[in-house]
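Read off the chains here:
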2 protein chains.
Amino acid sequence: MLSNSRLVHQPHDHRRCISAALTRARDLCAEENLRLTPTRESVLRLLWQSHRPLGAYQLQDQLAKISGKPIAPPTIYRAVEFLLKTGLIHRIASLNAYIGCPFPNSDHSNLFMICTDCGSAAEVAHSSINKLLQSTCEKANFTLQDQSLEIFGLCPNCSLQQQENGGISSADKDHE
Amino acid sequence: MLSNSRLVHQPHDHRRCISAALTRARDLCAEENLRLTPTRESVLRLLWQSHRPLGAYQLQDQLAKISGKPIAPPTIYRAVEFLLKTGLIHRIASLNAYIGCPFPNSDHSNLFMICTDCGSAAEVAHSSINKLLQSTCEKANFTLQDQSLEIFGLCPNCSLQQQENGGISSADKDHE
DNA sequence: GAGGTTAAGTTATAACATAACATAAGCAAA
DNA sequence: TTTGCTTATGTTATGTTATAACTTAACCTC
Ligand SMILES: [Zn+2]
Ligand SMILES: [Zn+2]
Ligand SMILES: [Zn+2]
Ligand SMILES: [Zn+2]
């Protein structure tokens, strides 16, 4: 099981997450002759500012602030489309939001563990889940093409806090 | 594994699907003292007209046609909200669409097998997937609350047709 | 630097969803 | 059977997410 759950949900040097992601992105684009333009790179960087998924219009606001000029929705959606296609980010359908992929180019489960309290989302690549789904599909004569697995609950941090103080939200706390 | 995949993807007397669903709904609402009003029942019936998920505005159009008067979005969303809360339907996040639940009141996987060709969606309750997810969450100290599992591919029918004629879409064919 | 290709800017609008407030229907007790 | 409470619906407006269509600019190749 390839998981970044521990990393996401524990204090860590998040600058390293960001720089590693950007390096991976540059390498991958160089290899495949794709253009990681300034806009695309900015959107990717924004998505790596935290381990929480961001919506298109949050990206729009933040990019406008950074670049000091108004940004129209298509600009964001085009960057997002590119990053999705190259596998550098994922879309989380139940949130209408996007998040950086910690292991592009590897095998994927498209499984996300999303905290309903703090909003963080951890991607998990889990080969036994993939196998189980695959065999389920085979039994049903269903030709599997893609999957979207989103599970909701309390991340380790928020679980602990719930137990400790009886359920006071930590939604505004940040644990990058 | 409790699956209605076979039923969904094979020719069957679909009137029985509809009437069974409505009977279940009436019983369930009677038991729990909930009001299955005409609007709510109409929306449920519309969602059972086929095994394809319908969006809110498709429901709006169709309900308007049936009732002979314009219907505003809130009417649909309220009915949908009620049916979701009572477990009679599900939302399919990646499609922004809704579909009737074939086994309300049972244990759920919230797992849908969605055909990318004909659009049909079959719900599957799969205890080993649930167990696997549960144990995965436990290992990660993640407190599972809810899940949304959507897998995409070709249903048995469309798989066959692809093999036979080399990939001509059957999106406009109906196999209720 | 001409010409093709890809990306970004711009404007408008489609598609999905909810807020807020007014009205009506259902129901239980006075 | 009126009163008053609760729940459901009607109505209008608006918020949120996503894309269409067309123009301009940047990039790359020859
Ligand atoms: Zn990924
Ligand atoms: Zn959390
Ligand atoms: Zn169900
Ligand atoms: Zn099909």
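Because the structure is predicted, anything quoted here is derived from the model rather than measured.

1. Quick look at the coordination of the zinc ion (ligand 2)
Residues and elements named next belong to chain A. Those protein atoms acting as donors to the zinc ion (ligand 2) are Cys 115 (SG), Cys 118 (SG), Cys 155 (SG) and Cys 158 (SG), and they sit at 2.2 to 2.3 Å. One can describe the donor arrangement at the zinc ion (ligand 2) as tetrahedral, given that its four donor atoms subtend angles of 102 to 115 degrees at the metal. As a motif over one chain, the donors of the zinc ion (ligand 2) read C-x2-C-x36-C-x2-C. Of the two residues, Cys 118 is situated in the loop between β4 (111–115) and β5 (121–125) and Cys 155 in the loop between β6 (143–154) and α7 (156–165); the sequence distance between them amounts to 37 residues.

2. Here we look at the confidence of the model for chain A
The predicted model of chain A averages 92 in pLDDT, with 94% of residues at 70 or higher. Between residues 172–176 of chain A, whose pLDDT stays under 50, and residues either more than four places distant or in other chains, the model counts 17 contacts.

3. A look at the coordination of the zinc ion (ligand 1)
Residues and elements named next belong to chain A. Surrounding the zinc ion (ligand 1) are the protein donor atoms His 90 (NE2), Cys 101 (SG), His 108 (NE2), Glu 123 (OE) and Glu 123 (OE), which sit 1.9 to 2.6 Å from the metal. In primary-sequence terms, the residues that donate to the zinc ion (ligand 1) follow H-x10-C-x6-H-x14-E. Here His 90 is found in strand β2 (residues 89–92), whereas its partner His 108 is found in the loop between β3 (97–100) and β4, with 18 residues between them in sequence.

4. Side note on the nonpolar core
Core analysis: the largest hydrophobic core is formed by 32 residues, its most contacted members being Ile 151 of chain A together with Ile 151 of chain B. Looking at this core, the elements with two or more residues in it are β4, α6 (127–139) and β6 of chain A together with β4 (111–115), α6 (127–139) and β6 (143–154) of chain B. Other than its neighbours up to four places away in sequence, Ile 151 of chain B contacts Leu 133, Cys 137, Phe 142, Leu 144, Asp 146, Gln 147 and Leu 149 of chain A together with Leu 111, Phe 112, Met 113 and Ile 114 of chain B.

5. Here we look at the interface of chain A and chain B
Counting residues at the interface gives 36 residues for chain A, matched by 35 residues for chain B. In this assembly, chain A and chain B are joined by zero salt bridges. At the boundary of chain A and chain B, one finds 14 residue pairs in polar contact (both at pLDDT 80 or more). At the level of secondary structure, the elements contributing two or more residues to the side of chain A that touches chain B comprise α1 (5–8), β4, α6, β6 and α7 of chain A. Taken together, the residues of the side of chain A that touches chain B sort by class into 19 nonpolar, 13 polar and four charged. Direction of pairing for β6 of chain A relative to β6 of chain B: antiparallel, over a ladder of eleven bridges. Considered in β6 of chain B, the bridge of Asp 146 of chain A is made with Phe 152 of chain B.

6. Considering the relation of the copies chain A and chain B
Rotating chain A by 180 degrees and moving it 0.0 Å along the rotation axis overlays it on chain B with an RMSD of 0.1 Å. Taken together, the rotation angle and the small translation identify this as a two-fold axis. Residue Leu 149 of chain A of chain A places its C-alpha closer to the rotation axis than any other residue of that unit, at 2.2 Å. A shared interface surface links the copies, since 97% of the contact residues of chain A are contact residues in chain B too.

7. Describing the packing of helix α3 (residues 38–47) of chain A against helix α5 (residues 73–85) of chain A
All names here are of chain A. Running from N to C, α3 and α5 cross one another at 80 degrees; their axes reach a closest spacing of 9 Å. With respect to their mutual orientation, α3 and α5 come out roughly perpendicular. The residues of α5 that touch α3, namely those facing Thr 39, Arg 40, Val 43 and Leu 44, are Thr 75, Ile 76, Ala 79, Val 80, Phe 82 and Leu 83. When its residues are assigned to classes, the contact of α3 with α5 shows seven nonpolar, two polar and one charged.

So, how was this worked out
Sequence order as written defines residue numbering, which begins from 1 separately in each chain. Going through the entries in the order they are written, you letter the chains from A and number the ligands from 1. pLDDT decides what is reported in this predicted model: residues at 70 or higher carry local features, side-chain atom pairs at 80 or more are listed and counted, and totals for whole chains, interfaces and linings draw on all residues regardless. Hydrogens and water are ignored here; the side-chain numbers use all heavy atoms of the structure. Coordinating donors are taken to be N, O and S atoms lying within 2.8 Å of the metal, or within 3.2 Å when the metal is Na, K or Ca; because water is excluded from the atom set, some sites may appear incomplete. Metal sites are grouped by the angles between bound donors: all angles between 85 and 135 degrees with four donors is tetrahedral, opposite donors over 155 degrees apart with the others between 65 and 115 is square planar for four donors and octahedral for six, and any other pattern is irregular. A run of DSSP states H or I qualifies as a helix once it reaches four residues; a run of E qualifies as a strand once it reaches two. Both are numbered from the N-terminal end. Scored from 0 to 100, pLDDT reflects the predictor's confidence in each residue. When checking whether two residues touch, look at their non-hydrogen atoms; a contact exists if any pair is within 4.5 Å. Definition used in this section: a nonpolar core is a set of buried Ala, Val, Leu, Ile, Met, Phe, Trp, Tyr and Cys residues joined via side-chain atoms within 4.5 Å. Accessible area is worked out with a 1.4 Å probe on protein chains only. A residue is then buried under 20% of its type maximum, exposed over 50%, and partly exposed in between. Every case where a carboxyl oxygen of Asp or Glu lies within 4 Å of a side-chain nitrogen of Lys or Arg is listed as a salt bridge. Any pair of nitrogen or oxygen atoms within 3.5 Å is treated as a polar contact; in protein, a donor-acceptor pairing is required on top of that, and neighbouring residues in sequence qualify only through side-chain atoms on both sides. Residue polarity is assigned by list, with Asp, Glu, Lys and Arg as charged and Ala, Val, Leu, Ile, Met, Phe, Trp, Tyr, Cys and Pro as nonpolar; anything else, Gly included, falls into the polar class. Strand pairing requires that DSSP identify at least two bridges connecting the strands. Here the copies are matched by least squares. The fit uses the C-alpha atoms of residues with pLDDT of at least 70 in both. As a rule, the C-alpha atoms of each element are fitted with a line to give its axis, helices using only the stretch in contact, and angles between N-to-C directions run from 0 to 180 degrees. Roughly parallel covers angles under 35 degrees, roughly antiparallel covers those over 145, roughly perpendicular covers 65 to 115, and oblique covers all other angles.

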